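As a plain string of letters, each chain reads:
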Amino acid sequence: MTETSTNDDATDRRLRLLIGLVVVAASLALGGWVLALLHHPVPPPQPWILALLTAVIAAANKLKVSVRIRSSMDGTAWGEVPVLVGMLLIPAPWVVFCSAVALAVLKVSIRAGLRKTLFAVAKETLTASAAGAVFLLLGVRPDLTDPSFPAVAIFVALTAFTLVDHLVFFPVMATDSRTSIRRAALKNGKSKVIGYLGQLAACLLVAGLLAADANMLFLLVVPLVVACMHLWQSRSARTREERESWQRLAKATDELNAVDLTKVLHAATTRAAQIFSAAEATIDVTTGSAGRTVRATEARVLADGPLTATLPRLDEKAVDLVAHDGGVRVGVLRLSFGGAVRLTEVEQYKLRTFASALCTAIRNAQAYAELARIAAENEHAATHDPLTGLPNRRRLYEHAAEQFRSTEQAGLFALLLIDLNHFKEVNDTLGHAAGDDVLREVASRLNGAAVDGDLVARLGGDEFAVLMAGLPTPALATHRATAMLTALDPSIEVEGMQITVDAAGGIALAAGTGGVEELMRRADIAMYQAKRTGEQTAIYVPARDTADLDRLMLTGDLRRAVAEHEFTVDFQPIVDLGSGEVISAEALARWRHPAQGSLTPVQFLETVERSGQLPAFADAVLEQSLLAMQTWREAGFDLPVAVNVSPRSLLDPQFPGAVLARLARHGVAPDRLTLELAETLTISQLDVVERALAELRDAGIRLAIDDFGTGVSSLSVLSRIPVNQLKIDSAFVAAVETSAEAAAVIRTTVDLARNLHLTVVAEGVESEPQRRALWELGCLAGQGHLFARPYSAARFLGALRRGSAGRPGVLATALHDAGAVVRMPVRRSTRSGRSPLPHLPA
């Protein structure tokens, strides 16, 4: 037996008990009236009077303003009026008898069924008896020829009639509709109060007319008044109920605008039960990865689980969940009322509207869930190695960056870099499939040997890394690394052969490194130290790191270099590949070190970033670049300049303001300056620098991504930075003639830039064939030794003046006659007498 059928049986038993109690009480009341007639016999009224009263009571009860609650109908009738008026004219027992007969005839005529007929007759008997008892207690004597006008008695009797009616009816109705007595009582409360007042007015009007011995024709007005009041009350109740129902429907539709399928289904079932006054609402979802059934009342969700097949019930109304425009059926909505119900046309329309909105919400939620699943899979694939399932290099870097930023970590953390010795021999001898088996087993053993909080990653090939966290002392890093490498000692069986894996590990403590790249570099140095010495593990020692010693020496020279202006700027022209004309310049910083000669940023920038001298260095580079722009402009060449910017500068909240202030001081428009950003910016860095980039971009400064295509997340970076320009890395340019892949990368970059309305500059153009190949691929601008090496500002101006073939500002012969089409405006002052360059369209 199902839960639903069990609940139905229990409800039926309670109903039979309640109705039985009402029938017994009514029988006792009738018996009391019979005994009263026997002890105090009075002449019975004329039969036609009894028949007329019975007919009027039946007609008045037919006029009813009803509201459905579940499968039951609650409403306000006018039967009280003839009952109370009748008790002013004839003895109360006969009125009670007439009421019982009237209700019996009425229910039988509409084929209401035995149970409903017995209950209606019994309820009418009890309510009429209550009113009659009030009249007897208050001493009201019926008189057919000279009736009295007991206004107070009428008020008390009508109140007693109404109270008994509610006390008898609401428990039965609440049980039948499976709702609370309080909700049944409050349902349509305003109409009940209005109905009560109307009944009282009608009773007083008729009683007053009878007591005043008015012309009997006036009584004909009473039915008209009652009919008008009934129509007004009926229309008001129906309008109010429909308005509230539409409001609930609108609210429910808003609640369905969720992306979580569970929230949609739970909200829909509870709201459907409320809107349509159903005992239960059930949604069967038949689409998606698995079917699902949700069942609820308006108060709570009863069940949520796999799709269950159930037979249709007689008290159910079902509607397919299909959108207004047709399409796929996603399931069915079933409403259970606990009894036979006939929905009105308005209710049927609302049901179809609700089903359509629910269908759309389910489809949207399912689509969102599918997108979330795909996104989760893609995110997992982007941060995990497909062969071993371990986190990959990207995830390791992200996790290490989180460790560096964390201020709540307990203990130290260190990086263990592991390289398998002689692994190439396994691939060469047994094949790559066997090599993959070995890598998977190594990954499993390392992961099993790691302690909670450690991150084991595969960096690629036969290289693994372990980020060890929560180290109480540095010495424990070596102990933990040795334990992990020991896990690789047992031989591995591959294709029936026993293979011994030998590995070397390098350990670097995070303290003092300042960043992930430096931590990785130190671990790599330590690993090769272990390989050279034949040890299983080695820990990074600064004394063995010659590069680190050079940095220490440079750090001591930085303050002097800033003070004595040892940082200089050279400029490399950026040329229109078609016309050969210089359209801008890139500023390249140099350190003229008195002992080590000219140093490039690759050799000193990290030292500058870690020394605290970065703001002074960036300021010196920008100042020299703007001075050069002024000099060229005064000579007639108004060229924009691109300056490289360190990600660490963007972390400084004062950097955008400092740049804008210096531009204003030199009278340079913001759009004449381009800031080049390293494409290797990580997503975690972007989260911090986005505000600075937005401020710079909003001020008019142009942004470019340098070495585009070489980072691990080109499109991610591009989607987050409001750039104006992409610079193709020289590695792709060098291979453009010989590598189809390199050409494809350049073509794709050009197409992407064109679609995003960005300009493209190729770096490292060394030959005319490269220039022509780039031009044919759609790249319109480039820089490289083919046109000029980096010059000082003065030599750069001299090259511009000399030009090529007698054309100042041109460094190469044109590839065509019409000139290039480049979205980089170049303005040349007319002070020198030369014609200004046109602003060529995109």
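Just so it is clear, the model here is predicted, and its values are computed rather than measured.

**Student:** Just give me the short version of the nonpolar core, but keep the residues and values in it.
**Tutor:** What tends to happen in soluble globular proteins is that the nonpolar side chains get buried as a cluster. Counting residues in each nonpolar core, the largest one holds 74 residues, and the members touching the most others are Phe 571, Trp 632, Leu 650, Leu 675 and Phe 796. Here the element with the most residues in this core is helix α19 (residues 614–634); it accounts for eight residues. Every residue in contact with Leu 675, bar those within four places of it in the chain, is listed here: Val 643, Val 645, Phe 655, Leu 696, Ile 701, Arg 702, Leu 703 and Ala 704. Formed by 43 residues, the second largest nonpolar core is a distinct cluster that contains Ala 60, Val 83, Ala 92 and Phe 161.

**Student:** Go over the packing of helix α13 (residues 423–430) against helix α14 (residues 432–449), please, and point to the residues and values.
**Tutor:** The interhelical angle for the contact between α13 and α14, taken along N-to-C directions, is 140 degrees, at an axis separation of 6 Å. Taken as axis vectors, α13 and α14 run oblique relative to one another. Contacts between α13 and α14 pair Phe 423, Val 426, Asn 427 and Leu 430 from the former with His 432, Ala 434, Gly 435, Val 438 and Leu 439 from the latter. Here the contact of α13 with α14 is built from residues that sort into six nonpolar, three polar and no charged.

**Student:** Summarise the pattern of salt bridges; cite the residues concerned and give the values.
**Tutor:** According to the stated counting rule, one finds 27 salt bridges in the structure shown. The salt bridge partner of Arg 373 is Glu 370, with a shortest N-O separation of 2.4 Å. One end of the pair is Arg 373 and the other is Glu 370, both in helix α11 (residues 345–383) and three residues apart, which spans about a single turn. Assessed through its relative accessible area of 37%, Arg 373 is described here as partly exposed. With relative accessibility at 36%, the residue Glu 370 sits in the partly exposed group. In the salt-bridge network here, residues are joined through shared partners; they are Arg 394, Arg 395, Glu 398 and Glu 402.

**Student:** Run through the pairing of strand β19 (residues 673–678), naming residues and quoting values.
**Tutor:** In summary, the side chains of a regular strand alternate between the two faces of the sheet. Counting buried residues along β19, five of its six residues qualify, which places the element largely inside the surrounding structure. Bridging between strand β18 (residues 641–644) and β19 involves four bridges; their strand directions are parallel. In the strand pairing of β19, Ala 642 is matched with Thr 674. As paired strands, β19 and strand β20 (residues 702–708) are joined by five bridges and run parallel to one another. Bridge pairing links Leu 675 to Leu 703 in β20.

**Student:** Describe in detail the packing of helix α12 (residues 393–405) against helix α16 (residues 516–533), supporting the description with residues and values.
**Tutor:** Between α12 and α16, whose axes approach to 9 Å, the crossing angle comes to 115 degrees. If you check the angle between α12 and α16, you find them roughly perpendicular. Between α12 and α16 the crossing geometry is right-handed. In this structure, α12 uses Arg 393, Leu 396, Tyr 397, Ala 400, Ala 401 and Phe 404 to contact α16, whose residues at the interface are Val 516, Glu 517, Leu 519 and Met 520. For the contact of α12 with α16, a count of residues per class yields eight nonpolar, no polar and two charged.

About the cut-offs
Residues numbered from 1 in each chain as written. Predicted model: local features only at pLDDT ≥ 70, side-chain atom pairs only at ≥ 80, totals over all residues. Heavy atoms only, no water. Core = buried A, V, L, I, M, F, W, Y, C linked by side-chain atoms within 4.5 Å. Buried < 20%, exposed > 50% of the residue type's maximum accessible area, 1.4 Å probe, protein only. Helix = DSSP H or I, 4+ residues; strand = E, 2+ residues; numbered from the N terminus. Contact = heavy atoms within 4.5 Å. Axes fitted to C-alpha atoms, helices over the stretch in contact; angles between N-to-C directions. Parallel < 35°, antiparallel > 145°, perpendicular 65-115°, else oblique. Nonpolar A, V, L, I, M, F, W, Y, C, P; charged D, E, K, R; others polar. Salt bridge = Lys/Arg side-chain N within 4 Å of Asp/Glu carboxyl O. Pairing = 2+ DSSP bridges. Left-handed = near helix turned anticlockwise from the far one by under 90°.

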